[in-house]
Structure formats: structure tokens, C-alpha cells
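Analysis of the macromolecular model
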Amino acid sequence: MSGDQKTAGGFKAIQYVLACAQKVGPANLAAAVRSKNACKACAFGTGGQKGGLFNEYSNRLEICNKNIQAQTSDIKPPIPPEIFRHNTIEELNQLSGKQLTDLGRLGLPLYKGSGEDRYKVLSYSQAINKISNAMRDASPGRTFFYGSGRSSNEAAFVLQLFARVFGSNHVNNCSYYCHQASGVGLTDSIGTGTATIQYSDLYSADLIFVLGANPASNHPRFVKVLLECRQRGGRVIVVNPAKENGLVRFASPGNVRSMIAGGNEVASLFVQPHVGGDVALLSGVAKYLIQNEAIDKRFIEDHTDRFKEFLAFITELDWESITRESGVEKKTIEQVAEAYLASQKTVFAWGMGLTHHMNGTENIEAISNLALLRGMIGGEGKGLLPLRGHSNVQGVGSMGFTPALKDKMFHAIEQKYGINLPTSKGMDTLACIQAAEKGEIDFAFLLGGNLHAANPDSKFSKSAMSNIPFKVMINSTLNETHLNGVEGENIVLPIRVRDEEQQPTTQESMFNFLRMSDGGFNRIDSLLSEVEIVTRIAIEVLGKRDVDFSPFLKHKNIRLAISEIVPGFEKLAEIDQSKQEFHIAGRKIDEPRFKTADGKAHFRVPKMTNWTARSSDRKDLVLTSVRSEGQFNTIVYDEADRYRNQTHRNVLFMSEQDLRLKGMQVGELVDVESDVGKMTGLELAEFDIKPGNVMTYFPEANVLVPQGNDPRSKTPSFKSVRVSVGSSGGSGFV
């Protein structure tokens, strides 16, 4: 099970789709992927009113494994009630993530009382009554509300409004564990927290950077874009500590030329820095540009501020520190800089390999700095693109599912409903879990997601979640959060997934494109929608106090409210009649005008980055966690990882050099230990990863991840953890 480079995608991907079709029925799968519903997987975005196989840019067919995996999971039948009647929570918790997914859909509400050892079935009305009583008994300041990026805009808007009218600002979403650093870094740099480009700009770019991301596994249709950039003479620079097969050579079923050729090269240049070496690398590229006077001085003078401070930082920064901390030779950094200099239109795209660090926000600002040096923000084919995960994670944030509402939205809500919203400081996701550990949370409402599995420090997470006396979890399938940290009262409410909604819903892509999903399937007749569940609870708890939630049982009324309250969503008022999807107003940067206080973009000097992390002769390693080709976020669809040639997930990937230095062998079982946890019995696999760094799979690796986080984004350092590795059952770690 080596990591030898092979072509990813291609006919293996097609075979995988056919295998999925056989599991759920080809006709069922075909109907699902063709329906007028937004893709349920990543935020790259397809579907909506053009049909499930099309995006907003072209009329070419678009399909990928992530979409197929999500559809296959949703088409499964409901879990028989006997499973819960005959099995304790402890027994169900022996199943792997994949096995839990394979059980099928959640079809009936579940309740576990305090001290009980298993779930029992109850009706929606009974569940809503219990939830409403628990909320009325709870102090608003001791509650929190968490939202997943797979929910709709409508559900997110109603729940965040409900939470605030109830009196809580502890409202947060899964972005705190993924791209919050992107939002914070971009906002501080250029005044907006989302992509500055649209889908079409990717086809005008002559250079695309892909930093800290593995789109072959997580955003497969983006790899087709990269292939086509190469095919029209453009360049692709990949920055990743691990040389992933799918970013070296890929055959995209959506690109005939790559299929005929048996795959084409993706990366023009593949750069492998140390884990955590991104600020050093990007600062090195900036230093080369400045030293060679290859910057856009007019752009900098007219459209930016704080360049003098940045220039002083770069001038003082020495090449020895840059190469040591980045792990990249000066010659390679110069190659990157020269490729950038040759470009007229550059797009910078990145994933959580940059955000999941103690200095994650500064990683993003380092990208922005590099773009500003050459005026690569504002205009066709150039700009910044955070590669967001869940299909509506950006939309959930736009709906105000955040600890603090933006001023315009805050005042719009108060004016529309004639109310005073709470002004107390809301907590981020990790802060809520830490408060629970201290016994300061009485009630939690989890709209989707798998929060326990996503939390850092799994031992702490289980203890903290168990400290919450009453939890509500809204999900379509059984996951680890339903089985860990459930000492108190717990209610699990199943829901209609996106293409089963009986009224349309909307979603927002990473390109700021607003889609409408029609719903329409009726796979499990007894299920309710997220919106109906949340609205009914709000009505029970609040009555008609302050805001009458009953009109929100009709989704159209929610969209009307959003159009009046959320800036940029004004066109939502007509979408039910017009069916016209749209780019959200004011997001794309066509010219260098920035929504900062002074109207200029700001160069940012890193303050948190450790410039001595690699200066000592340490024997420990730096662990990064990754997703497999067979999973999406915390959901595992397949134990195998085809692109890394693995048949199971209990694997530690290590470079040939580190294997040799440590006297270890491929196939050897090892234990991995950090300051907070230990993983045992991982099988060593050789992989082309930067020496001094190792990787294993998320979310299993979270047992090793400390609670330390980026002080600006509050995102834990999921992808940069100091670990020791030793033979399983051995006497020591090295």
C-alpha cells in the first residue's frame, strides 16, 4: 500500500459511480442527480433551476464522486426502529463512521433520557413539546445554537432569529472549524470575507495557485478547471506538504481530452513546504518580487495602505529564516515568483490546509499581500477564492448564523420587527464547548453536522458534550455526536434532505451564487423539514412574543424577510415567481475598490507566526490531518482511499526519509501521541510528504488535536500538531 504516483479519477471514478448506482438503483440515482436541486456536497456549486448537472457558467454536464456519495447516502431506506430498541448506545458506538452511515436514514424522532442507555422512538409532537419545555426552563445565556453548512438559507435564518429573540447570541456555525480564518483575514485585508471572483473568472486566468487543498478528493470539479487551464496554455502551482496523486495527474470524466490521454498533468509546479510553513513561503515570494522591483507600484500607491510596514517586515526578513521555516529552497521560491511575474491574470485558491493553524488568519493575509503586490484583486480572471466545503456553509453565515450580526442586518431586524435584540457577546463554537465543560451550558440546539467528531481533543469533547443537560440534534443519518457525550437528555430529529423538501429552499455557493432547490422527492413520508421543525419549536417557546414565527411555515415568507434584512439578497423577493438565480450583489470585486473604512486594501504584517518553529533539532514530527477520497467532512462513505492506495483508514503516512531515519518499515504498526491524546495501531504507509511531517485521517486524528486555536479566527490547529511516533506496544516514542 504505497503512495506511488498514479493517475487519479478517470475510469475508476466512472466505475465508482456505477457501483453506487447499483446500490440504490440506477433510475433512483439518475433522477436525484438530474433534479432541480443544488448539489449536496461541496460549495463549488451545481444544480438549481438549470438542473442538477449544470453550473451557472456553462451548459456542459457536471458530475463528481462527492455528489454521487451524498445522493447515495440519502436514497437509502430508514433505519429499522428495532436497531434502537435492541442495541444500547454503547453497542452502537462500536460501529465505525462508515457503518453508521450504512445503517440508512433516520426515519423517526429519537429520545434518550438522562441515565438511560438507549434511544427510544417518539413522535415529532412529543419531541417538540420536550424541547420547548427545556428551552422555557433554560436561561438564554446558558444556551447555544450550532448550524451545519448543509442546511438551507431558510432554516438558518429562522433558527438564528429564533435564538436571538429567545435571548441568546451564542449562535455559531461550522465555519469556525473550517474557513473562519479566511473570512477574518480577507475582511481585515480587503473588506470582504468571501471570494472576490465568479466561476467564469477561472476560465480567464492564466495562472491558478492551489494552496493547502486537495480538490481531487474534496472538490473534484475544480480539478477539471485546473486541467483546462493547463490545456489552454495556463499554469497551475500547487502548494501542499503532501504530493497528492490527484494534483499530479488526473483524468476528469468531464474533460474528454484528459480521458483519451489516460490523464493529464495538473500541476505545472508542485511545491512541498513544511506543515505550517506557508507564511514563510509566501513571504519569500513577496521578498523576491520586492527585491527585483517587480511589483505594481501604481496599484499599491492608489489602492492600498500599510505597505511601508509590510516593506519593513519583508526587508528585515532573511532568506535563512524563510527557507528553514518554509522547508522550500530559495531556487524553488524564485521559480514560483517568476511564474507569478509571467502571469497577467492570477487566481489564488486555498483550502483548510491554510486555515487550520495557530496562525491561520495570517496565512490568508499572506496570500492577500502577494495578490496586492501585483494588483491581482479587481478585474476579470484575477482574485481570491477560498475553497469552501459544505454546499451552503457560506449561505448559513450570510443568514447571520454567527455570534455577532453585521450592523446593517442587526438594525434591519430591529426595525422590521420593532424589537431590541440582545447585545451580549456571543461565543464561537469551541468557546461554547469549553463553557459546557465548565457546566455553563444547559441547552444546545445542533442544526445538522457532527459536532462531537468535529471538535478537537476528543476526550475533552465527550466530557463537555455530556455536561450539557439537554441537546437537540437535527440530522438525516446517525453519526458519532448521537452516541458520544450523551449523558443528559438527548433528542434526535430526522429531516427531509434538500431534494425531499416540499417547498423550495435556497443555497449559496463559494462563488456567491444563489441557487433555488425545488425539492420534490418523497422517500420517507413521515419526515418533516428543518424549517417546519425549527418554526414549530419557536412558536411553542415564544408564542407571538416579539416576532410571530407562524408565517415562516411558508418558505416564501422567509425569503421575503431575508430580502428585506440581508444586504445583497434583495432579488430573493422575486425568485419564487421569476425562478431567476443570481450572484449576490456587492460581492465580486471588478475594480480595486474595497469595503474597508478607508476604501483601500491593507497589507498585513504577521504577528502570530512562529519564525523559530523549525530552528531546533527536534525529534518529534508535525502531524496534519486529511480527508480521504471516500469521505466528505466527517461523513465516511467508503473505508478505502483510492487516490492514496489505501484499503482502510488506520494509517499513518510518512516519508521514505523519516521511515529510514527512524528505522521503521512500511506495514509496521505504530502509536501516535500528542500532548492531549494517543492513537494506537496505525499502519505505516510510505508517502511523498515533506520529511519531518506525517499525516493521518480526519476526524479520527482529532483525539490528538489540542484546544489551542488561532486567537483571531478561533479555529483550532487541526492540521499542525506536534506528535511522537513509536512502535505499537513498544517502550518509547521517537
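Structural data are supplied above this passage.
Figured I'd write up the structure that's included with this text. (Residues numbered from 1 in each chain as written. Predicted model: local features only at pLDDT ≥ 70, side-chain atom pairs only at ≥ 80, totals over all residues. Heavy atoms only, no water.)

**Side note on the overall build of the protein**
- Scanning the protein for helices and strands turns up 29 helices and 28 strands.
- The globule rule puts the C-alpha radius of gyration for 734 residues at 27 Å, and the 25 Å found for the protein is close to it.
- Its C-alpha atoms give the protein principal-axis dimensions of roughly 70 × 60 × 50 Å.
- Of the contacts made within the protein by residues no fewer than 6 positions apart, 77% connect residues no fewer than 24 positions apart.
- Here the protein displays about 26,000 Å² of accessible surface, and carbon together with sulfur accounts for 49% of that area.
- The centroid of the 83 positive side-chain charges in the protein is displaced by 3 Å from the centroid of its 81 negative side-chain charges. (Helix = DSSP H or I, 4+ residues; strand = E, 2+ residues; numbered from the N terminus. Rg over C-alpha atoms; globule rule 2.2 N^0.38 Å. Contact = heavy atoms within 4.5 Å. Areas by Shrake-Rupley, 256 points an atom, 1.4 Å probe, with all protein chains shown as cover. Lys, Arg positive; Asp, Glu negative; His and termini not counted. Charge placed at Lys NZ, Arg CZ, Asp CG, Glu CD.)

**Quick look at the state of the cysteines**
- Under the counting rule described, the total for this entry stands at 0 disulfides.
- The cysteine C42 is free of any disulfide, with C39 supplying the nearest cysteine sulfur at 6.0 Å.
- Just so you know, C64 is unpaired, no disulfide at all, and the nearest cysteine sulfur is the one on C39, 5.6 Å from it.
- Residue C64 is classed as buried on the basis of its relative accessible area of 9%. (Disulfide = S-S within 2.5 Å. Buried < 20%, exposed > 50% of the residue type's maximum accessible area, 1.4 Å probe, protein only.)

**A closer look at helix 14 (residues 278–291)**
- With 14 residues, helix 14 ought to run about 20 Å at 1.5 Å a step, and its terminal C-alpha atoms sit 20 Å apart, in line with that.
- Most of helix 14 is tucked away: 13 of the 14 residues are buried.
- Following helix 14 by one or two positions, E293 adopts a phi angle in the positive range, close to 50°. (Expected span 1.5 Å × (residues − 1).)

**Points about the pairing of strand 16 (residues 489–494)**
- Judged by how many residues are buried, strand 16 sits mostly within the fold: 5 of 6 residues are covered.
- Relative to strand 16, strand 2 (residues 110–112) runs antiparallel, the two sharing 3 bridges. Among the inter-strand pairings, L110 is bridged to a residue of strand 16, identified as V492.
- Relative to strand 16, strand 15 (residues 470–475) runs parallel, the two sharing 6 bridges. Bridge pairing in strand 16 links V472 to I491. (Pairing = 2+ DSSP bridges.)

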